[in-house]
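Inside the fold
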Amino acid sequence: LPPRHMDSVVRIVEALESTDHDFTGTVPELARALGGCSTPGCRAVLGEPPDVPPAPRTLSREQWLLFTQLLHQDAAAPERGVVLAPDGSTVALGPLLAGIEVGLKRAAGWPFPTVEPPIDALYAVTITEVLGTSFLLARDGAGNRTTLGPDGCWDDVDDPQNYTLLGPPSPIPDAVANGAMDGVLLGAHLAQAPVPLADLLRGYYGTGNGTEKERPPSSYRRRDFGVLTGPGKLEEEVEAMLRVLRVLPPTQELLEDVGPEEVVAIARQAAQDFMEVYVECPAIVPRCMWGARPYRGTPKPLTLPLGSVYIHHTFIPSAPCRTFTACARDMRAMQRFHQDTRGWDDIGYSFVVGSDGYLYQGRGWHWVGAHTKGYNSKGYGVSYVGDFSATLPDPDAIALVRDRLLPCAVRTGRLHRNYTLRGHRQMGRTDCPGNSLFHEIETWHGFE
């Protein structure tokens, strides 16, 4: 089959939107016919799915098979209907195309069915039904049922075919959260200004050659979703959706012993957790996505929470990396240098900061690094890709650590509330992290 990549999806959409297509309706309606939005709440908003049409002549047999597989929803494995985007993130097609359908229908003035209480159709078909349901189910699971996440990894980023989760599955793995946020953003955009879907997806994800030049809009999804939504809006919509599910025959039983106060509490927790994990905390690219070699030897665990953070720059590579491909290549080069030349067990840093909008996992949250001699077990080593002796990282890359990673580490219990922040040069004989970056971090919270 074609690679499970957003490029493949854009080509399918382009073929379906071409003038000689032989099916009536829109691409999102076809997606719903194939099972992309088959839950009770989605049916209540968008109606019963259309019948599955014969395979359109504009698609090859392999394209039709891939599209059918990607839209066939499996509640036990929601991560199956996902594709790899050029920015290195993984996106579920079901919620993405459902949000797009709502946007197109709004632009066309389509009257959505009235349900009580009223719900925002755009959030209902993308995130609030699955989010409310996930937290509703977890309340019976003695606290050990996963409600959000995890991330996952592809077998081959150049020819992605199989995606494997990195931990126990929830109804909302990261790929579903990404697809839902993108569905909300693109649906809201289409409601204002309808454009051909292939053009919309190509522009948003930067498919084709665009990603070699600059960050695609998809790499800003967390920020943009937070700006559009806000925790109050999400909580309100989850609560309204749970009250709608209470009266829908397929989900009545699920909520029959849940009182109004508990519905409010579930909605508050669900919205709060979702915003914390997917909006306030930054996305971190896992090791298996950038192609890390195995750790040599046995890693030593850190004792959390830690009290310090040490800021570095890589110096070499000296240029910031602005795409997933370039940043992943830089990570592999640094790991090779640290393991083969320096003789260390692994890449030394805890986290590395790209200028593509993403953090890259080095040793991560839980293992002692090799970044700040004499202090590796006392703090996290966070390094910016580039030489920042005379210039600063992009404002976005500065904010990624200062405003997102560090507050997130405190909230999640990995870093003490009263942590200290220092530049590498304060702990040893080095110019790292470069004069420009050092003067910048002197203004950050916790600098000492």
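Residues numbered from 1 in each chain as written. Predicted model: local features only at pLDDT ≥ 70, side-chain atom pairs only at ≥ 80, totals over all residues. Heavy atoms only, no water.

Moving on, we get to the pairing of strand S9 (residues 379-384). A large share of S9 lies buried, amounting to six of its six residues. Of the pairings in the sheet, the one linking strand S6 (residues 306-313) to S9 comprises six bridges and is parallel in character. Bridge pairing in S9 places Tyr310 opposite Gly381. As defined by bridge partners, strand S7 (residues 351-353) adjoins S9 across three bridges and the pair is classed as parallel. Across the sheet, Val353 pairs through a bridge with Tyr384, a residue of S9. (Buried < 20%, exposed > 50% of the residue type's maximum accessible area, 1.4 Å probe, protein only. Helix = DSSP H or I, 4+ residues; strand = E, 2+ residues; numbered from the N terminus. Pairing = 2+ DSSP bridges.)

Turning to the state of the cysteines, a few remarks are in order. All chains considered together, the criterion is met by four disulfides. The partner cysteine of Cys37 in its disulfide is Cys42, sulfur to sulfur 1.4 Å. Side by side, Cys37 and Cys42 carry an identical accessibility label, which is buried. Each sulfur in the disulfide pair Cys321 and Cys327 lies 2.0 Å from the other. Taking the sign of the torsion about the S-S bond as the criterion, the disulfide between Cys321 and Cys327, at about 100 degrees, is right-handed. Cys327 matches Cys321 in its accessibility class, with the two residues each being buried. (Disulfide = S-S within 2.5 Å.)

Before going further, it helps to examine the pattern of salt bridges. A side chain of one charge can pair with a side chain of the opposite charge if their charged atoms are brought near each other. Within the structure shown, the criterion is met by 26 salt bridges. We note a salt bridge from Asp199 to Arg202, for which the minimum N-O separation is 3.5 Å. Residue Asp199 and its partner Arg202 are located together in helix H8 (residues 197-205), separated by three residues, close to a single helical turn. By relative accessible area, Arg202 is classed as partly exposed at 28%. (Salt bridge = Lys/Arg side-chain N within 4 Å of Asp/Glu carboxyl O.)

The feature "domain: N-acetylmuramoyl-L-alanine amidase" (unreviewed entry), as given by UniProt, occupies residues 294-434 in the numbering adopted here. Between the end C-alpha atoms of residues 294-434 there is a gap of 30 Å, over a span that is 25% helix and 21% strand. (UniProt positions renumbered as here; feature names shortened; annotations may be inferred.)

Take the packing of helix H5 (residues 93-107) against helix H7 (residues 174-192) next. In the contact formed by H5 and H7, the axes pass within 7 Å of each other and the chain directions differ by 15 degrees. What the angle tells us is that H5 and H7 run roughly parallel. Taken as a pair, H5 and H7 cross one another with a handedness that is right-handed. On H7, the residues touching Pro95, Leu96, Gly99, Ile100, Gly103, Leu104, Arg106 and Ala107 of H5 are Val176, Gly179, Ala180, Asp182, Gly183, Leu186, Gly187, Leu190 and Ala191. Of the residues in the contact of H5 with H7, the class split is ten nonpolar, five polar and two charged. (Axes fitted to C-alpha atoms, helices over the stretch in contact; angles between N-to-C directions. Parallel < 35°, antiparallel > 145°, perpendicular 65-115°, else oblique. Left-handed = near helix turned anticlockwise from the far one by under 90°. Contact = heavy atoms within 4.5 Å. Nonpolar A, V, L, I, M, F, W, Y, C, P; charged D, E, K, R; others polar.)

A word on the sheet that holds S7. Strand order in this open sheet of six strands is S5-S8-S7-S9-S6-S10, and the pairing throughout is mixed. Of all strands in the sheet, those bounded by a partner on one side alone are strand S5 (284-285) and strand S10 (415-423). Sheet strands in contact with helix H13 (residues 324-341) are S5, S7 and strand S8 (359-361), and its direction is about 40 degrees off that of S8. The sheet contacts of helix H14 (residues 395-411) involve S6, S7, S8, S9 and S10, and relative to S10 the element is tilted by about 145 degrees.

What follows covers the environment of Ala85. Relative to the helices and strands, Ala85 resides in the loop between strand S1 (82-84) and strand S2 (90-92). Residue classification places Ala85 among the buried positions, given a relative accessible area of 2%. Distance in space between the C-alpha atoms of Ala85 and Asp51 is 29 Å, their sequence separation being 34 residues. With near-sequence residues (within four places) excluded, Ala85 lies in contact with His5, Met6, Val91 and Tyr205.

Moving on to the packing of aromatic side chains. All chains considered together, the criterion is met by twelve aromatic pairs. Considering the side-chain rings of Phe351 and Tyr380, the 6.3 Å spacing of their centres and the 55 degrees angle between planes classify their relative orientation as tilted. In this pair, Phe351 sits in strand S7 while Tyr380 sits in strand S9, placing the two residues 29 residues apart along the sequence. Classification of Phe351 as buried rests on a relative accessible area of 1%. For Tyr380, a relative accessible area of 2% gives the class buried. With a centroid separation of 5.3 Å and an interplanar angle of 85 degrees, the aromatic rings of Trp365 and Tyr380 are classed as edge-to-face. Here the residue Trp365 occupies a position in the loop between S8 and S9, and Tyr380 occupies one in strand S9, the gap between them amounting to 15 residues. Across the pair, exposure class does not vary: Trp365 and Tyr380 are buried alike. Feature note: the residues Tyr123, Phe225, Phe274 and Tyr278 constitute an aromatic cluster, connected by ring pairs. (Phe/Tyr/Trp six-rings, centres within 6.5 Å; stacked < 30°, edge-to-face > 60°.)

Across its 21 residues, helix H11 (residues 260-280) extends 28 Å between first and last C-alpha, which sits within 8% of the 30 Å expected from 1.5 Å per residue. On the buried face of H11, the contacting elements are helix H6 (121-138), H7, helix H9 (221-245), helix H10 (252-255) and H14. (Expected span 1.5 Å × (residues − 1).)

Topologically, Asp330 is positioned in helix H13. One buried charge, Asp330, has no salt-bridge partner; the nearest side chain with opposite charge is Arg329, at 5.0 Å. When near neighbours in sequence (up to four residues on either side) are disregarded, Asp330 contacts Pro317, Ala319, Cys321 and Val385. (Lys, Arg positive; Asp, Glu negative; His and termini not counted.)

Here the focus is the pairing of S6. Most of S6 sits inside the fold, with seven of its eight residues counted as buried. Two strands pair when backbone bridges link them, and S6 and S10 are joined in this way by five bridges, in the parallel orientation. Its bridge partner being in S10, Ile311 is matched across the sheet by Gly423.

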